[in-house]
Structures are given as structure tokens and as C-alpha cells.
Amino acid sequence: MQPPARTASENGAGKGQPIRLQHKYDMKPTAILLLHCQDKPGIITEVTKFITDNKGNIVYLDQYVDHEDGMFFMRIEWELASFLIPRDKIREYVDTLYAQRYEMTFNLYFNDERPRMAIFVSKMSHCLYDLLARWKAGEFQCDIPCIVSNHEDLRYVADQFGIPYHVWSIKKDHSNKAEVEKAEMELLRENRVTFIVLARYMQIISDEMIAQYPHHIINIHHSFLPAFIGAKPYHQAWERGVKIIGATSHYVTAELDAGPIIEQDVARITHKDTPESLVLKGKDLEKIVLSRAVSKHIERKILTYKNKTIIFS
């Protein structure tokens, strides 16, 4: 079978739109390869030839070149039904044939291996409700084995959706924080959690937990970062007299509110707004921005490089 016609150039520097040959909700088993390396001629040809020579049917291909750094980024997905290489050997083949040759960093996923999302919450319910409603409606192809909180307040929400709800209270002086996180990490391991969503979880995650889930902890911050970091950003925005407020979803890193940004959006405000009305307007933004970020992560369409993200469409 010949590869489909492409808009991307064969030297990895094409400017076309991504190739889609399959609806995203089709669930035929596929492999998904996310990679980046120094841009060189022939990378697309090499990788697509490897797939098609082994009877793989390519259903998605998107690529991008950062000309400032000379870096090549690609996401490619292919059906496994007739693929000659056993799925447990694909990683080894890619590593041997291309990763070493091109000094390539890559991640390999399979669409029938569903991500497992843990949601961390405190007292605000708007983001939690939105995530669970989208999950229940089938928008998120993932499992949610647990919800973790530092308060009892939202247990009724978890009960409505039939998801176990776990509470660990953290003392004001944080003297038990290490003990709490140890218990949380054990819960995450037991439930085979692959990524965490902080749905307005009002606690700082420790460096140790971040190290266990690098670029796999998604936060929603209620401002258009890098503006108004830290606490009460809507009040900061009101005091500054801005005309636009925003929300930002990003991966969590050791530096507060400074991880790679996944998604952002804004809403216009006026002098008539109060801190309270900004909070209400901001909640709608937060839900939308967080859900978009979670969706892209579940679909394995995010590649992080340095402190930025490449988001494949």
C-alpha cells in the first residue's frame, strides 16, 4: 500500500495542514508516535516508509519545524490490524532504527491503552463538575479511578458519578504534608494513575510528586499567565484595572505557575465589574480552558520541549 498524499515536505520543513484519514472516535487499535530531534532531510520519508513497508495504514500525520532551534517535531499514528511488527517490539525497532541515528527523543502510545486520570480538588466544584460531565458524555476517552481532596466538601459530586473520593486534611502549618503526599502517591500507584488534573486544588504540589509525574500534572490557573501569578489573581486584575481577564492551563513544574502552557483564553471586562463578577466570569473560562487541555493530553497531542508545548491539531 502506498503512503497517502501529503501536504508536508519530505525534508521535514513542510507547512501544510495535518493529515487525517480516520475519525478521532474510531477505536481501531493504533500506535501513536510523538518525536522530536534536530531537523534533517528525510525524517518523514524514513518514518513513513518504516510504517508502510510493514503494512501499517497511516491515519494521522502532523509535523512542525522550529527554525530558531532547528528542531523537528512530529506526531504520527497508524493502524495496527495488519502491522507486521508485534506491538511489544515497536519501541525497540524505533529506538534501534531512528532514535539513535537521529538522536531522537520519542514517546510511543497505543490508543486502546486508556489514560487513567486522578482529579485533585479542594472546595470549588465548577471545574470538577465540568470534567466529570464531559467524561460521562464520552468526550474524554480515559478512566477516572479516584478523586483526591483536602476537604470533604465535594464528596457528594464524586458520589453522583460513582467515583471513589479520598480526603487527606493538610494542617495549616503543613507539618503533615509529606505524610499526606506519601499516602496520595501510594493511592495513585495502586490505581495505576497516568496523569493528574488539579481542578482548582488549592495546595502546592511538592517537587517529589512533580518528579514522579513530569509533564503529567495539569493545572488550571485563573489568570492569563504570566500575568497575576499566585493567589487571588482576579482581585489583582481588578486592582490593576485591566480590560481582559483570562485563564491558563499548564503543566506543573517546580516553579510556581511557570510550567509549559497548554491552553489559554480570555474574556473582556469593564470598569463596572467587581472582583466578585470577575470571579463568576472567570469560572466559565476556567472550565473551558481546562477541558481543552485535558482533551489534548488524553489524545496524546502534546509534545513538550524546553518550557513550551507543541500542540498538534
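As a reminder, the structure under discussion sits directly above these lines.
Heads up: these notes are all about the structure in this document. In this text the structure is predicted, and so the values were computed from the model without any measurement.

Further remarks concern the overall build of the chain. From N to C terminus, the chain includes 8 helices and 14 strands. Over its C-alpha atoms the chain spans a radius of gyration of 21 Å, differing by no more than 12% from the 20 Å that the globule rule assigns to 313 residues. Among the 313 residues that make up the chain, the fraction classed as buried is 50%. The contacts in the chain between residues at least 6 apart in sequence include a share of 67% that link residues at least 24 apart.

Turning next to a nonpolar patch on the surface. A surface patch of nonpolar side chains, amounting to about 230 Å² of accessible area, comprises Phe224, Ile244 and Val266. Its location among the elements puts isoleucine 244 in strand β11 (residues 244-251).

Overall, the coordinates contain 6 aromatic pairs when judged by the stated rule. Ring geometry for phenylalanine 50 against phenylalanine 83: centres 6.1 Å apart, planes inclined by 85°, an arrangement best described as edge-to-face. Highlighted residues: phenylalanine 50 in helix α1 (residues 43-53) and phenylalanine 83 in the loop between β4 (71-79) and α2 (87-102), separated in sequence by 33 residues. By relative accessible area, phenylalanine 50 is classed as buried at 8%. Grouping aromatic residues by their ring pairs yields a cluster made of Phe50, Trp78, Phe83 and Tyr98.

Inspection of the secondary structure puts isoleucine 196 in strand β9 (residues 195-198). The spatial distance from the C-alpha of isoleucine 196 to the C-alpha of histidine 216 is 6.3 Å, given a sequence separation of 20 residues. Apart from residues no more than four positions distant in its own chain, isoleucine 196 is found in contact with Ala118, Phe120, Leu188, Met209, Tyr213, His216, Ile217 and Ile218.

This next bit is on the packing of helix α7 (residues 233-240) against helix α8 (residues 275-298). With their axes 9 Å apart at the nearest point, α7 and α8 run at an angle of 125° to one another. When the interaxial angle is binned, α7 and α8 end up oblique. In the packing of α7 onto α8, the handedness of the crossing is right-handed. Contacts between α7 and α8 involve Tyr234, His235 and Trp238 on the former and, on the latter, Pro275, Leu278, Val279, Gly282, Lys283 and Glu286. By residue class, the composition of the contact of α7 with α8 is 5 nonpolar, 2 polar and 2 charged.

What counts as what
- Residues numbered from 1 in each chain as written.
- Predicted model: local features only at pLDDT ≥ 70, side-chain atom pairs only at ≥ 80, totals over all residues.
- Heavy atoms only, no water.
- Helix = DSSP H or I, 4+ residues; strand = E, 2+ residues; numbered from the N terminus.
- Rg over C-alpha atoms; globule rule 2.2 N^0.38 Å.
- Buried < 20%, exposed > 50% of the residue type's maximum accessible area, 1.4 Å probe, protein only.
- Contact = heavy atoms within 4.5 Å.
- Patch = residues over 30% accessible without salt bridge, like charges linked within 9 Å, V, L, I, M, F, W, Y side chains within 5 Å.
- Areas by Shrake-Rupley, 256 points an atom, 1.4 Å probe, with all protein chains shown as cover.
- Salt bridge = Lys/Arg side-chain N within 4 Å of Asp/Glu carboxyl O.
- Phe/Tyr/Trp six-rings, centres within 6.5 Å; stacked < 30°, edge-to-face > 60°.
- Axes fitted to C-alpha atoms, helices over the stretch in contact; angles between N-to-C directions.
- Parallel < 35°, antiparallel > 145°, perpendicular 65-115°, else oblique.
- Left-handed = near helix turned anticlockwise from the far one by under 90°.
- Nonpolar A, V, L, I, M, F, W, Y, C, P; charged D, E, K, R; others polar.

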